[in-house]
Structure formats: structure tokens, C-alpha cells
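Below are the chains, spelled out letter by letter.
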Amino acid sequence: ARVNGKLLEQDCAALCDEEFWGARLYTGPLFIKYNAILRGLGGKADFFMGRLKQLCGSNKYCTTLHIINSASVKLSKVMTAERVYRGVSGG
């Protein structure tokens, strides 16, 4: 409700339920599959293409990725950019 209020204050469309759930899944359990698709579809790295086929088969989650993109675009209008620290494997 708060985020939609901020979006409406900026004359932007509110986040719909599908966008909310798509963003939630992307930040949670399905990140691995969505990331495999985004990395593997370019066809430049055998590892990523193999991972795509292993995790997703022929499902490219096209509609879901469009919904996630739509949510990201909307949320970027009400969020501030912050420094992000990434962890490294094994350290």
C-alpha cells in the first residue's frame, strides 16, 4: 500500500498483484531459474546454456520475466540507489 501510494503520487501506475508476486519470486526461490534464462539465452557460454537446459528445459518464463521487468521499472521510480556489497563464494 505504501509503495503504491508513492507511485500514485508520482503519476505512475500502481504495482499490480502479478508484478508483486513476480518480484517476490525473483528475490526468492525462483531466482536460480530466472537467472539461468537471462544468462543462457545469449548462447555465448556453454556452461550457462547447459544450466538453462538443465533447470528450465524449454520453459523460458517469458511472461514472468516481462512482469518482473515491469515491477523493476515501477519500483525504480520510488526507490533510492544504494551501494550494494556482494559476497564471494568460499570467503
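This text follows the structure it describes.
Let me begin by describing the structure that accompanies this report. (Residues numbered from 1 in each chain as written. Predicted model: local features only at pLDDT ≥ 70, side-chain atom pairs only at ≥ 80, totals over all residues. Heavy atoms only, no water.)

So, the side chain of Lys 74
The following threshold applies: Counting from the N terminus, the helices are DSSP H or I runs at least four residues long and the strands are E runs at least two residues long. Here's how the labels work: a residue is buried when its accessible area is under 20% of the maximum for its type, exposed when over 50%, partly exposed in between, all with a 1.4 Å probe on protein chains only. The contact rule is simple, with two residues in contact once any of their heavy atoms fall within 4.5 Å.
Note that Lys 74 resides in helix H5 (residues 62-76). A residue is classified by how much of its surface remains accessible, and Lys 74, at 16% relative accessible area, is buried. When residues no more than four places from it in sequence are discounted, the contact partners of Lys 74 are Leu 7, Ala 13, Ala 14, Leu 15, Cys 16 and Glu 19.

Overview of the pattern of salt bridges
Test applied: In the sections that follow, a salt bridge refers to a side-chain nitrogen of Lys or Arg positioned within 4 Å of a carboxyl oxygen of Asp or Glu.
What the rule picks out here adds up to one salt bridge. For the salt bridge of Glu 19 with Lys 74, the shortest nitrogen-to-oxygen distance reads 2.9 Å. Here the residue Glu 19 occupies a position in helix H2 (residues 17-26), and Lys 74 occupies one in helix H5, the gap between them amounting to 55 residues. Relative accessible area serves as the criterion here: at 5%, Glu 19 is assigned to the buried category.

Some remarks on the nonpolar core
What counts, and what does not: Each nonpolar core is a collection of buried residues, namely Ala, Val, Leu, Ile, Met, Phe, Trp, Tyr and Cys, held together in the definition by side-chain atoms within 4.5 Å.
Core analysis: the biggest nonpolar cluster contains seven residues, these being Tyr 34, Ile 37, Leu 52, Cys 56, Tyr 61, Leu 65 and Ile 68. Excluding residues that lie within four positions of it along the chain, Leu 65 makes contacts with Tyr 34, Ile 37, Leu 38 and Lys 60. Listed in part, the five residues of the second largest apolar core include Leu 7, Leu 15, Ala 71 and Val 78.

Observations concerning the environment of Ala 1
Within the secondary structure, Ala 1 sits in the segment before helix H1 (2-9). Sequence-wise, Ala 1 and Ile 37 are 36 residues apart; in three dimensions their C-alpha atoms are separated by 31 Å.

Note that all results are geometric; they support no functional claim without further evidence.
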